[in-house]
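Here are the chains, one letter per residue:
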Amino acid sequence: MNFLRGVMGGQSAGPQHTEAETIQKLCDRVSSSTLLDDRRNAVRALKSLSKKYRLEVGIQAMDHLIHVLQTDRSDSEIIGYALDTLYNIISNDEEEEVEENSTRQSEDFGSQFTEIFIKQQENVTLLLSLLEEFDFHVRWPGVKLLTSLLKQLGPQVQQIILVSPMGVSRLMDLLADSREVIRNDGVLLLQALTRSNGAIQKIVAFENAFERLLDIITEEGNSDGGIVVEDCLILLQNLLKNNNSNQNFFKEGSYIQRMKPWFDVGDENSGWSAQKVTNLHVMLQLVRVLVSPTNPPGATSSCQKAMFQCGLLQQLCTILMATGVPADILTETINTVSEVIRGYQVNQDYFASVNAPSNPPRPAIVVLLMSMVNERQPFVLRCAVLYCFQCFLYKNQKGQGEIVSTLLPSTIDATGNSVSAGQLLCGGLFSTDSLSNWCAAVALAHALQENATQKEQLLRVQLATSIGNPPVSLLQQCTNILSQGSKIQTRVGLLMLLCTWLSNCPIAVTHFLHNSANVPFLTGQIAENLGEEEQLVQGLCALLLGISIYFNDNSLESYMKEKLKQLIEKRIGKENFIEKLGFISKHELYSRASQKPQPNFPSPEYMIFDHEFTKLVKELEGVITKAIYKSSEEDKKEEEVKKTLEQHDSIVTHYKNMIREQDLQLEELKQQISTLKCQNEQLQTAVTQQVSQIQQHKDQYNLLKVQLGKDNQHQGSYSDKTQVNGIQSEEVGRLREELEELKSNQELLQSQLAEKNSLIENLKSSQTSRGTNEQSSATASARDSEQIAELKQELATLKSQLNSQSMEITKLQTEKQELLQKTETFAKSVPVPGESEAGMATKTTDVEGRLSALLQETKELKNEIKALSEERTAIKEQLDASNSTIAILQNEKNKLEMDVTDSKKEQDDLLVLLADQDQKIFSLKNKLKELGHPVEEEDELESGDQDDEEDEDEDDGKDQGHI
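Reading the values: the criteria
Residues numbered from 1 in each chain as written. Predicted model: local features only at pLDDT ≥ 70, side-chain atom pairs only at ≥ 80, totals over all residues. Heavy atoms only, no water. Salt bridge = Lys/Arg side-chain N within 4 Å of Asp/Glu carboxyl O. Helix = DSSP H or I, 4+ residues; strand = E, 2+ residues; numbered from the N terminus. Buried < 20%, exposed > 50% of the residue type's maximum accessible area, 1.4 Å probe, protein only. Phe/Tyr/Trp six-rings, centres within 6.5 Å; stacked < 30°, edge-to-face > 60°. Lys NZ or Arg CZ within 6 Å of the ring centre and 35° of its normal. Axes fitted to C-alpha atoms, helices over the stretch in contact; angles between N-to-C directions. Left-handed = near helix turned anticlockwise from the far one by under 90°. Contact = heavy atoms within 4.5 Å. Nonpolar A, V, L, I, M, F, W, Y, C, P; charged D, E, K, R; others polar. Expected span 1.5 Å × (residues − 1). Polar contact = N/O pair within 3.5 Å; in protein donor to acceptor, adjacent residues only side chain to side chain. Parallel < 35°, antiparallel > 145°, perpendicular 65-115°, else oblique. Patch = residues over 30% accessible without salt bridge, like charges linked within 9 Å, V, L, I, M, F, W, Y side chains within 5 Å. Areas by Shrake-Rupley, 256 points an atom, 1.4 Å probe, with all protein chains shown as cover. Lys, Arg positive; Asp, Glu negative; His and termini not counted. Charge placed at Lys NZ, Arg CZ, Asp CG, Glu CD.

A. Seen up close, the pattern of salt bridges. In the structure shown here, the tally under the stated rule is 22 salt bridges. Salt-bridge contacts for D37 lead to R40; the nearest nitrogen and oxygen are separated by 2.7 Å. One end of the pair, D37, and the other, R40, are both in helix α3 (residues 36-50), three residues apart, so they sit about a helical turn from each other. Close ionic contact of D224 with K276 constitutes a salt bridge, the shortest N to O distance being 3.4 Å. Placement of the pair is D224 in the loop between α15 (209-219) and α16 (227-240) and K276 in helix α18 (residues 274-290), with a sequence separation of 52 residues. With a relative accessible area of 56%, D224 lands in the exposed category. Ionic contacts of the salt-bridge type, sharing partners, join the residues D37, R40, R44, D75 and E77 into one network.

B. Structural detail: the packing of aromatic side chains. For the coordinates displayed, the defined rule picks out twelve aromatic pairs. On the basis of an interplanar angle of 85 degrees and a centroid distance of 5.0 Å, the ring pair of F210 and F250 is categorised as edge-to-face. One end of the pair, F210, is in helix α15; the other, F250, is in helix α17 (residues 244-252), and 40 residues separate them in sequence. With respect to class, F210 is no different from F250; both count as buried. Following the ring pairs from residue to residue traces out a cluster consisting of F206, F210, F249, F250 and Y255. One Lys or Arg, R179, reaches over the ring of F134 and ends 3.9 Å from the middle of that ring.

C. Main features of unusual backbone geometry. With an omega of -5 degrees, the peptide bond between N359 and P360 qualifies as cis. Phi angles above zero are rare outside glycine, and N208 is one such case at about 70 degrees. Here N208 is to be found in the loop between α14 (198-206) and α15. Accessibility expressed as a relative area gives 37% for N208, which makes it partly exposed. We note that N504 has phi near 60 degrees; this positive angle belongs to a residue other than glycine. Summarising the element assignment, N504 is placed in the loop between α30 (488-502) and α31 (506-514). When its relative accessible area of 46% is taken as the criterion, N504 is described as partly exposed.

D. Geometry of the packing of helix α32 (residues 518-527) against helix α34 (residues 561-571). Contact geometry for α32 and α34: axes closest at 10 Å, N-to-C directions at 35 degrees. The way α32 lies across α34 gives a crossing that is right-handed. Across from V519, P520, T523, G524 and A527 in α32, the residues of α34 making contact are L564, L567 and R571. Here the contact of α32 with α34 is built from residues that sort into five nonpolar, two polar and one charged.

E. The arrangement of the side chain of Q449 in detail. Its place among the elements puts Q449 in the loop between α27 (434-448) and α28 (452-458). For Q449, a relative accessible area of 19% gives the class buried.

F. Region of interest: helix α38 (residues 611-629). Between its first and last C-alpha, α38 extends 29 Å over 19 residues, near the 27 Å set by a 1.5 Å rise per residue. If you check which residues of α38 are buried, you get H611, E612, F613, T614, L616, V617, L620, I624, A627 and I628. The N-terminus of α38 is capped by D610, whose side-chain oxygen sits 3.3 Å from the backbone nitrogen of E612.

G. Quick look at the environment of L458. By the secondary structure assignment, L458 is in helix α28. Accessibility expressed as a relative area gives 0% for L458, which makes it buried. Along the sequence, L458 and A508 sit 50 residues apart, while their C-alpha atoms lie 9.2 Å from each other. Those residues in contact with L458, other than ones at most four positions away along the chain, are V404, L407, L444, L448, L474 and W501.

H. Here's a closer look at helix α5 (residues 76-90). Its 15 residues give α5 an end-to-end C-alpha distance of 21 Å, which sits within 8% of 21 Å, the value for a rise of 1.5 Å per residue. Among the 15 residues in α5, 13 count as buried, and that is most of the element.

I. Main features of the packing of helix α24 (residues 379-393) against helix α25 (residues 397-405). Running from N to C, α24 and α25 point in directions that differ by 120 degrees, and their axes come no closer than 7 Å. Taken together, the axes of α24 and α25 lie oblique to each other. Note on element contacts: α25 touches α24 through G399, Q400 and I403, opposite F389, F392 and L393. For the contact of α24 with α25, the per-class residue count stands at four nonpolar, two polar and no charged.

J. Structural detail: a negative patch on the surface. A surface patch of like charges, here negative, comprises E661, D899, D902, E906, D908 and D909. Judged by its relative accessible area of 36%, E906 falls in the partly exposed class.

Here is the structure:
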């Protein structure tokens, strides 16, 4: 430091010590001194001189300073001085304050020194490595130096950082620094780094930049924060603007939802600081970046959907209708809402439902239109409202219909208590302010854009011009104002409205031509030789007249296409007409309006063309030129061919519809057949289950029969002793015979069920093969009828057998009960002679035990027989259901046969019609050949029809072969 004082004192003492010599001595000390303190003091001295003597220090000391950065990494103080010195050399921030010579100020020292520094890419890599140091005296000047390098030669430095290993990742760590000054300068560094470089933008985004930046914005207080919030928002803009990958990443990361708190401005009418206004302005621009019309449609619609779902659109509409909002914020909010709803039906419907907080409540659209047609409102605000209205109607036929309906007589409020959107547009259309005329005409044209229905509906609108005079149509009133010679802006707006209205709408063309004064007015305007200011009006008049020719349906005899073209040729000349038509696209403001949908004009006099209208001009200019040069014979031939093709297309369409209907009928019949097949399968499964259950009951019955036989033998031997065997043998024998008969009936029932299953399978197979030919169908039908009749007979027999079996089972149960009672009576009453009372008692006890066991087994047998009876009753019900299903199948089969017969008749009729049509087409092709038009040798449709006829002939041949 003493050395610096000596140098500076010597410099002021006399001219022998110039600044160049001083700097040279300091550089020598930096390069040659072995003591770190001497080198540190010399670098500190260079730092103090670098602001005033920037050029000299830069030329002599830059290499030495870079060498210090390479060799003295261990001393953070000297590294910090070296970085500060390099920053002062390269940066232009304080150049105007320090430099006294105006010629030096004009020289771009910063870019030259930056070029010298980055010539060796290792210097930038060295600087990136220094940024990893946590020491404040190293990191902060390093951040400032790298930011200055990016400001001077951004693309070159970006490329070096991009190829440097982990270069971008090292810079991203600055956002996590706990020291706010480094964090904030790190944001500025990333702003310069990400400017106009998509590759770096993607890397920064995937390094979790969105999360960190949004956290910083939240910590700083969102819109109420300071300039740090603005810097973060600008960095977000750099990352998202024109970068579809980052936009998609931002949306999928649910970061759109975190934008909603930004716009929670509260109900306060004050507190709008300048920084808050700036922050909100950038926030709104950031929302517009995500939904810009220049983005891919799919990405824009997904962002629009997310903004509605998270409530961001609702929050913006709240600001839109709030009071006390600054004018520039209100204007930008209107533009933002416009693009959030543009082309997305859900958002457009929501915007239509928004009401202003007035008494009574008015729709937001009406309130905005009131501002648009009010000449006292700021010009930028009126342009924003027009853009909002255009975006609301863009691809929104529902909204277009609602706007036009407010003009129709049936919907106009007769009390006059409320003003509708249509009334405001009409008021602006015919006001004395030319800007209101233009805005209202363009807004009304957007209500008709690509909507033929509303173009026809608007023809019904009637206007009361004055008391006592009859009302005139809106179309006529527009042409009346045109003929009055109003301002150019007004006439241009009305002509754009009329061109949009009449295009692709022959009915509107007829209404326009019905007024005999319109065509002479247009031809007069086009034929005159006017100044350059009127050339645009002449071009638009030529476009309107060309539309009246091209979309003319020749319904008015006096204004048919040919007569209008003859009129142009006589009064204007075809070449002159085409030249005047070309004035539109050659106008200097035409290309400007065609670039972006938003009506962004520096002043009202530039407000001439609408974006959508430029698309219409581009579409119609060529076809109108061709239509003007076509002769009457070519028009007639074209009309004839067009009509023929339309007729042919209508017939083909009719056939296609019939074939489509038949296909639908066939599909329905196939579905019915599949349903019936499923029902048959279910029925077969149920019958199989029943057969298995019958077999189980049969086995159980046989087992009971064997047990009963053993008991009967034992009881018979006992009855012989008690002298009652005659009665019991007779009863048991009769019971055995009845059980044998019951068994045979069961076997018969099982065989009948099997036959019934085979009949159902035969019926199913006959239905499947029904459609092959009529002969087999008729045979199958007769066979099915016979089988169904036999099946019904067998079912009736089966029912009678079941009834008889039920009666026999009941009788058997009664007789068995009587037998048991007799057995008990005999067992109790008959004594055995020759035995003592004790033995008699023992035998009696033994007999009673056996009898009780026999009674228990008999009771179980009775239960089993009862269960068997119930099962047979269920089988009877299932057979009844099978009978009804067979009847239903028969009815469906008859219906299918009738449908097949009808379909064949219709196909025969269609073949006749196709043959007639082919003959007509053949004759028309011959006429076209005679007229000289090239005709293809084979028409696809004719070849298709011939194939169909060949298929039908083959089918007929097969049918005859079967017969």
